[in-house]
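Residues per chain are reported as follows:
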Amino acid sequence: MRAFVDKEVTPHVAEWEAAGRIPRSFWKRLGELGFLGLEFPTEFGGAGGDFLASIVLGEEMARCRSGGVAFSVLVHTDMSSPWLTRYGTEAQQRKYLPGIVAGETVCALGITEPGTGSDMAALTTRAVRHGDVYRITGSKTFITNGVYGDLYFLAARTGSGTAQRRHEGISMFLVERGLPGFTVSRKLDKTGMRASDTAELAFQDCPVPAENLLGVEGRGFQQLAAGLQRERTMAAVLALAAASQALEDTVAYLRERHAFGEPLAQRQALRHRIADLATDLEAARALVYHAAMLYAAGEECVKEVSMAKLFATEVANRVAYQAVQMHGGYGYMREFPVEGFARDVRLWTIASGTSEIMREIIARRIFE
Ligand SMILES: Cc1cc2nc3c(=O)[nH]c(=O)nc-3n(C[C@H](O)[C@H](O)[C@H](O)COP(=O)(O)OP(=O)(O)OC[C@H]3O[C@@H](n4cnc5c(N)ncnc54)[C@H](O)[C@@H]3O)c2cc1C
């Protein structure tokens, strides 16, 4: 994986960052090498591996020095398609998995809406059953892989829920690109993660076949909640691995750059700063690996995953600030990878559950 990233990913990231997308040929290449189906059953072309194999994929992809490339790939492999093996029928798996594993069907996850993000139970996109279709109306925003994707794992409201139980009545659907009434209304312009495309989507009476309901009608919130631990662990992995790369880049820079007659690496103030950041990263790594092991073993891990996501993404942002600072003016220049890292990593205390929401979850488990 590392050799592949060095040879076939890193040399292209500048081009993909500028284009605002990763090319189709890259998805196919990932598929050809088996990287898009690490955990899927072998009968559908997968490798039958476990979550730790996916962690390796996340860590190595994140070292390519483009957060957006890693984000796009891991949204496909970890933040959307696993719902298909978890909740999909055999017919759904047979229909979609081979294309997903081959890199021909690019996946996206559509939960967030213009009016609600953290408060998932407040979503208003509606799906109303009419015979053998559900008609979907509403909009989604900030959807990664949303502009150029093929298959959307979409959350919509099929029931009303009640004021006390707002999370009831949400369902998940597999929505194919190209259905009537489904449009990509905007490609969003972002601070960082530029190589990943991000969309606003509109649905107007979009007819989704009833057989594309994913899992149980009305249980979508619970299904999504169960998958969030995987998504959050992976978010923590991506932030941690990119920060580790940025710290290595900074150490190399300090060795090379001279000031006042000696390499900056000789300055104790900077050496101690590096020591502190390396220690923080090591602590983050221990938390993240611990959470990943619990998740892989199928154990209860909501608190541990929330702590890992909170700590790793906040540490990664501290690394970003200091990495830019220690590069001086060059840290502010587009041609230096730490500049892009600082823009990319800002996302990780926001997406996949904000730091505030992670604290809420942890606090609830402490006080209840
Ligand atoms: C680049 C990018 C890619 C994304 N990709 C996807 C994707 O593929 N699919 C998808 O569905 N979503 C995606 N998202 C959405 C992302 O998950 C949400 O932005 C995130 O969950 C936060 O929701 P919000 O933006 O609506 O913020 P809000 O929920 O409006 O929060 C605003 C602020 O209020 C704070 N806040 C909210 N509630 C509380 C509370 N109870 N206590 C204390 N503070 C609180 C938040 O922490 C935050 O600081 C993406 C976002 C970005 C920016």
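Residues numbered from 1 in each chain as written. Predicted model: local features only at pLDDT ≥ 70, side-chain atom pairs only at ≥ 80, totals over all residues. Heavy atoms only, no water.

J.: Is there a simple way to think about helix H7 (residues 90-102) in this case?
T.: A rise of 1.5 Å per residue sets the reference length of H7, with its 13 residues, at 18 Å; its end C-alpha atoms lie 18 Å apart and thus fit the reference within 8%. In H7, a bend of some 35 degrees at tyrosine 96 exceeds every other bend along the element, and proline 98, a proline, comes one to four places later. Those residues of H7 lying buried are Gln92, Gln93, Tyr96, Leu97, Gly99, Ile100 and Val101. (Helix = DSSP H or I, 4+ residues; strand = E, 2+ residues; numbered from the N terminus. Expected span 1.5 Å × (residues − 1). Bend = angle between axes of the 7 residues up to and from the residue. Buried < 20%, exposed > 50% of the residue type's maximum accessible area, 1.4 Å probe, protein only.)

J.: Before we go on, may I ask you to explain the site of the ligand in this structure?
T.: Around the ligand, the structure places 19 residues, and the nearest of them are Thr112, Ser118, Phe142, Thr354 and Glu356. Interatomic distance of 2.7 Å between a backbone N/O atom of phenylalanine 142 and a nitrogen atom of the ligand. Within the contact set of the ligand, a nitrogen atom lies 2.8 Å away from a side-chain nitrogen or oxygen of threonine 144. In isolation the ligand offers 970 Å² of accessible surface; the protein chains occlude 64% of this area. Looking at the shell around the ligand, the elements with two or more residues in it are strand E1 (107-110), strand E3 (133-144) and helix H12 (355-367). A per-class count over the shell around the ligand returns nine nonpolar, eight polar and two charged. When residues of the shell around the ligand are assigned to domains, at least three fall in each of domain 2 (108-216) and domain 3 (222-367). (Near = heavy atom within 4 Å. Polar contact = N/O pair within 3.5 Å; in protein donor to acceptor, adjacent residues only side chain to side chain. Areas by Shrake-Rupley, 256 points an atom, 1.4 Å probe, with all protein chains shown as cover. Nonpolar A, V, L, I, M, F, W, Y, C, P; charged D, E, K, R; others polar. Domains from an automatic or database assignment.)

J.: Explanation requested: the domain arrangement of the protein chain in the structure shown.
T.: Splitting the protein chain by domain gives domain 1 (2-106), domain 2 (108-216) and domain 3 (222-367). Counting from both sides, the interface comprises 22 residues of domain 1 and, opposite them, 29 residues of domain 3. Summed over both partners, the interface of domain 1 with domain 3 comes to about 2,300 Å²; 65% of that surface belongs to carbon and sulfur atoms. Linking arginine 230 and glutamate 39 is a salt bridge whose minimum nitrogen-to-oxygen distance equals 2.7 Å. At the boundary of domain 1 and domain 3, one finds nine residue pairs in polar contact (both at pLDDT 80 or more). Taken together, the residues of the side of domain 1 that touches domain 3 sort by class into eleven nonpolar, five polar and six charged. (Contact = heavy atoms within 4.5 Å. Buried area = accessible area lost by both parts, 1.4 Å probe. Salt bridge = Lys/Arg side-chain N within 4 Å of Asp/Glu carboxyl O.)

J.: When you look at helix H3 (residues 24-32) in this model, what are you seeing that I'm missing?
T.: Two residues of an α-helix separated by three or four positions point the same way, owing to the 3.6 residues in each turn. Inspection of H3 places Phe26, Trp27, Leu30 and Gly31 among the buried residues, and these make up the whole buried set. Axial view of H3: buried residues confined to an arc of 145 degrees, hence all on one face. Exposed side chains of H3 directed beyond 90 degrees from the buried face belong to Ser25 and Glu32. Its buried side turned inward, H3 meets helix H1 (2-9), helix H2 (13-19), helix H4 (51-62), helix H5 (67-80) and H7. Positive phi appears at glycine 34, one or two residues downstream of H3, with a value of about 85 degrees. (Arc of directions from axis to C-beta.)

J.: What exactly am I supposed to notice about the side chain of aspartate 197 here?
T.: Residue position: aspartate 197 is located in the loop between strand E6 (182-187) and strand E7 (198-209). For the buried residue aspartate 197, which engages in no salt bridge, the nearest side chain bearing the opposite charge is arginine 21, 6.2 Å off. At 3.2 Å, the side chain of aspartate 197 forms a polar contact with the backbone nitrogen of tyrosine 148. Here aspartate 197 is in contact with Gly20, Ser72, Ile143, Thr144, Asn145, Gly146, Val147, Tyr148, Lys187 and Lys190, once residues within four sequence places are set aside. (Lys, Arg positive; Asp, Glu negative; His and termini not counted.)

J.: Where do I start with a nonpolar patch on the surface in this structure?
T.: On the surface, a nonpolar cluster with roughly 370 Å² of combined accessible area is contributed by Tyr330, Tyr332 and Met333. With respect to the secondary-structure elements, tyrosine 330 resides in the loop between helix H10 (302-326) and helix H11 (337-345). (Patch = residues over 30% accessible without salt bridge, like charges linked within 9 Å, V, L, I, M, F, W, Y side chains within 5 Å.)

J.: I keep staring at the packing of aromatic side chains and nothing clicks. Help me out?
T.: One pair of aromatic rings is described through two measures. These are the centre distance and the angle between the planes. With the rule as written, the count across this model stands at ten aromatic pairs. Judged by centre distance (5.0 Å) and plane angle (85 degrees), the rings of tyrosine 152 and phenylalanine 182 are edge-to-face. With tyrosine 152 in strand E4 (residues 151-157) and phenylalanine 182 in strand E6, this pair connects stretches of sequence that are 30 residues apart. Note on accessibility: tyrosine 152 and phenylalanine 182 belong to one class, buried. (Phe/Tyr/Trp six-rings, centres within 6.5 Å; stacked < 30°, edge-to-face > 60°.)

J.: So what exactly am I meant to see when it comes to the nonpolar core here?
T.: In globular proteins that are soluble, nonpolar side chains generally tend to be buried together. Counting 68 residues, the largest nonpolar core has Val9, Phe26, Met61, Val69, Val73 and Trp348 as the members making the most contacts within it. Take this core: its biggest share by element is 13 residues, from helix H8 (residues 220-256). Lining this core are residues from two domains, each supplying at least three of them: domain 1 (2-106) and domain 3 (222-367). Ignoring any residue separated from it by four or fewer positions in sequence, one finds valine 69 in contact with Val9, Val13, Trp16, Ile22, Phe26, Met61, Cys64 and Ala195. Within the second largest apolar cluster, 21 residues are counted, among which are Phe40, Trp83, Cys107 and Leu109. (Core = buried A, V, L, I, M, F, W, Y, C linked by side-chain atoms within 4.5 Å.)

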